[in-house]
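Residues per chain are reported as follows:
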Amino acid sequence: MAAVVIVAVVILLWLVTGVRVVQQYERGVVFRLGRVRGRVREPGLTLLVPVADRMRKVNVQVVTMPVPAQEGITKDNVSVSVDAVLYFRVIDPVKATVDVQNYAFAMLQVAQTSLRSIIGKSELDDLLSGRENLHQGLEVMLESPATGWGVHIDRVEIKDVSLPDSMKRSMARQAEADRERRARIITADGEFQAAAKLAEAAVTMSENPAAMQLRLLQTVVEVAAEKNSTLVLPFPVELLRFFEASTARLADGETGPAGASGAGTGGGTDEG
């Protein structure tokens, strides 16, 4: 009886060593005597044949892999440093285990190579503003090797583009010059519109002289509203010309009668 009990305990322990638990986010690839079993073990409790079976668990969650910054020269000869982020997951645990030694490391190397390649094929403006097409191009370049390794690319995105300081200063000067150009255009357009309105106002005031006086009184009211100690009163040039003409007429009137009287007196003396 003691021998039977010992044998039963040994067999029980031998069977217990073959019990494995696969988590919900994992899949189990079983190797029996070195050969892959066709069926992938699903999440839950699974039983292996002790000694003969070995199981390797593969994580099928989405992996977020940062791609280190890669330096390169763009198509328009600008030195840049670009880093990206890659999202992928395993869809075929057997291929990810058998066909590639380390699928995560392999994906990282392919992502770096593809990123350097896409830098050389793109221009600086595409890297700064047209990233959607670059993301699609990177995804296509990564999809081909990833499919053979049982990996699905969810998405790949460029995170940051680093430029040399000299290029940053050049771009800043370009942006400043462009803003100054637009400011000058807006100012000139405003002056043009103001000149057109002033011309219309001048035509209206020339048709009605009283409008000029009303405008003069309005200007006086606006200046007086500031409570200044000095009041600046605009004086029309036409009024100065009127005073000048009046003064000239008065001077001519005073000089004319005096000259005529002197001439008459001198003539009478000559006759006597």
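Everything below is about the structure printed above this text.
It should be emphasised that the depicted structure is a prediction, and the values quoted were computed from it without experimental measurement.

K.L.:
What am I meant to see in the packing of helix α3 (residues 103–121) against helix α5 (residues 131–148) here?
P.N.:
Each pair of packed helices can be described by the angle between their axes along with the distance between the axes. Where α3 contacts α5, the axes come no closer than 10 Å and their chain directions differ by 140°. By the angle between their directions, the pair α3 and α5 is classed as oblique. Read as a crossing pair, α3 and α5 show a hand that is right-handed. Where α3 abuts α5, its residues M107, V110, A111, S114, L115, S117 and I118 lie against L134, L138, M141, L142, P145 and A146. Here the residues of the contact of α3 with α5 are counted per class, giving 11 nonpolar, 2 polar and no charged.

K.L.:
Any chance you could explain unusual backbone geometry here in plain terms?
P.N.:
Note: most residues except glycine have negative phi, and most peptide bonds are trans. Backbone geometry places L33, a non-glycine residue, at a positive phi of 55°. Mapped onto the elements, L33 comes out in the loop between β2 (26–32) and β3 (35–36). Residue class for L33 comes out exposed when judged on its relative accessible area of 72%.

K.L.:
Hey, could you run me through the pattern of salt bridges in this one?
P.N.:
Opposite charge on two side chains permits them to pair, given that their charged atoms come into close proximity. Throughout the structure, instances matching the rule amount to 7 salt bridges. Two residues, R27 and E42, come together in a salt bridge whose shortest N-O distance is 3.4 Å. Taken together, the positions of R27 in strand β2 and E42 in the loop between β3 and β4 (44–47) put the pair 15 residues apart, joining distant regions of the chain. Linking E180 and R184 is a salt bridge whose minimum nitrogen-to-oxygen distance equals 2.8 Å. With E180 and R184 both in helix α6 (residues 165–207) and 4 residues apart, this pair spans about one turn of that helix. A single salt-bridge network, built from bridges that share partners, covers D178, R181 and R182.

K.L.:
It is not clear to me how the sheet that holds strand β7 (residues 79–90) should be interpreted in this structure. Could you clarify?
P.N.:
Backbone hydrogen bonds hold the strands of a sheet together, and the pairing may be parallel or antiparallel. On the basis of which strands lie adjacent, the open sheet formed by 3 strands has the order β6-β7-β8 and antiparallel pairing. Looking at strand neighbours, the two that pair on one side only are β6 (63–73) and β8 (151–162), the edges of this open sheet. For this sheet the average axis-to-axis angle between neighbouring strands, irrespective of direction, equals 25°. Bridge analysis of β7 against β8 gives 10 bridges, and the strand direction is antiparallel. Each residue of the ladder has a partner; that of F88, found in β8, is I153. Sheet strands touched by α3: β6, β7 and β8. Its angle to β6, the strand with the most contacts, is close to 35°. Its contacts with the sheet put α5 on β7 and β8, and the angle it makes with β8 is roughly 140°.

K.L.:
It is not clear to me how the side chain of R41 should be interpreted in this structure. Could you clarify?
P.N.:
With respect to the helices, strands and loops of the structure, R41 is situated in the loop between β3 and β4. A polar atom in the side chain of R41 sits 2.5 Å from the side chain of T46. In this view, R41 contacts V22, R27, G28, V30, T46, L47, L48 and M55; residues no more than four positions away in its chain are not counted.

K.L.:
Would you mind showing me how to read the environment of K95 here?
P.N.:
Here K95 lies in helix α2 (residues 93–98). On the accessibility criterion, K95 (33% relative accessible area) is partly exposed. Sequence spacing of K95 and V151 is 56 residues, and the spatial spacing of their C-alpha atoms is 8.5 Å.

K.L.:
It is not clear to me how the side chain of S114 should be interpreted in this structure. Could you clarify?
P.N.:
Looking at the secondary structure, you find S114 in helix α3. S114 gets classed as buried once you look at its relative accessible area, which sits at 5%. Those residues in contact with S114, other than ones at most four positions away along the chain, are L138, M141 and L142.

K.L.:
Just to check I follow, could you spell out a negative patch on the surface for this structure?
P.N.:
Together, D76, E123, D125 and D126 make up a region of like negative charge exposed at the surface. When you line up the elements, E123 lands in the loop between α3 and α4 (124–129). Assessed through its relative accessible area of 36%, E123 is described here as partly exposed.

K.L.:
Whenever I open this one, the sheet that holds β2 confuses me. Can you help?
P.N.:
The strand order across the open sheet built from 3 strands is β3-β2-β5, with neighbouring strands paired in antiparallel fashion. Of all the strands in the sheet, the pair left with one neighbour each is β3 and β5 (53–59). Inspection of the sheet shows β2 paired to β5 by 7 bridges, in the antiparallel sense. Across the sheet, the residue bridging to R32 is D53, located in β5.

Analysis parameters
Residues numbered from 1 in each chain as written. Predicted model: local features only at pLDDT ≥ 70, side-chain atom pairs only at ≥ 80, totals over all residues. Heavy atoms only, no water. Axes fitted to C-alpha atoms, helices over the stretch in contact; angles between N-to-C directions. Helix = DSSP H or I, 4+ residues; strand = E, 2+ residues; numbered from the N terminus. Parallel < 35°, antiparallel > 145°, perpendicular 65-115°, else oblique. Left-handed = near helix turned anticlockwise from the far one by under 90°. Contact = heavy atoms within 4.5 Å. Nonpolar A, V, L, I, M, F, W, Y, C, P; charged D, E, K, R; others polar. Buried < 20%, exposed > 50% of the residue type's maximum accessible area, 1.4 Å probe, protein only. Salt bridge = Lys/Arg side-chain N within 4 Å of Asp/Glu carboxyl O. Pairing = 2+ DSSP bridges. Polar contact = N/O pair within 3.5 Å; in protein donor to acceptor, adjacent residues only side chain to side chain. Patch = residues over 30% accessible without salt bridge, like charges linked within 9 Å, V, L, I, M, F, W, Y side chains within 5 Å. Areas by Shrake-Rupley, 256 points an atom, 1.4 Å probe, with all protein chains shown as cover. Lys, Arg positive; Asp, Glu negative; His and termini not counted. Charge placed at Lys NZ, Arg CZ, Asp CG, Glu CD.

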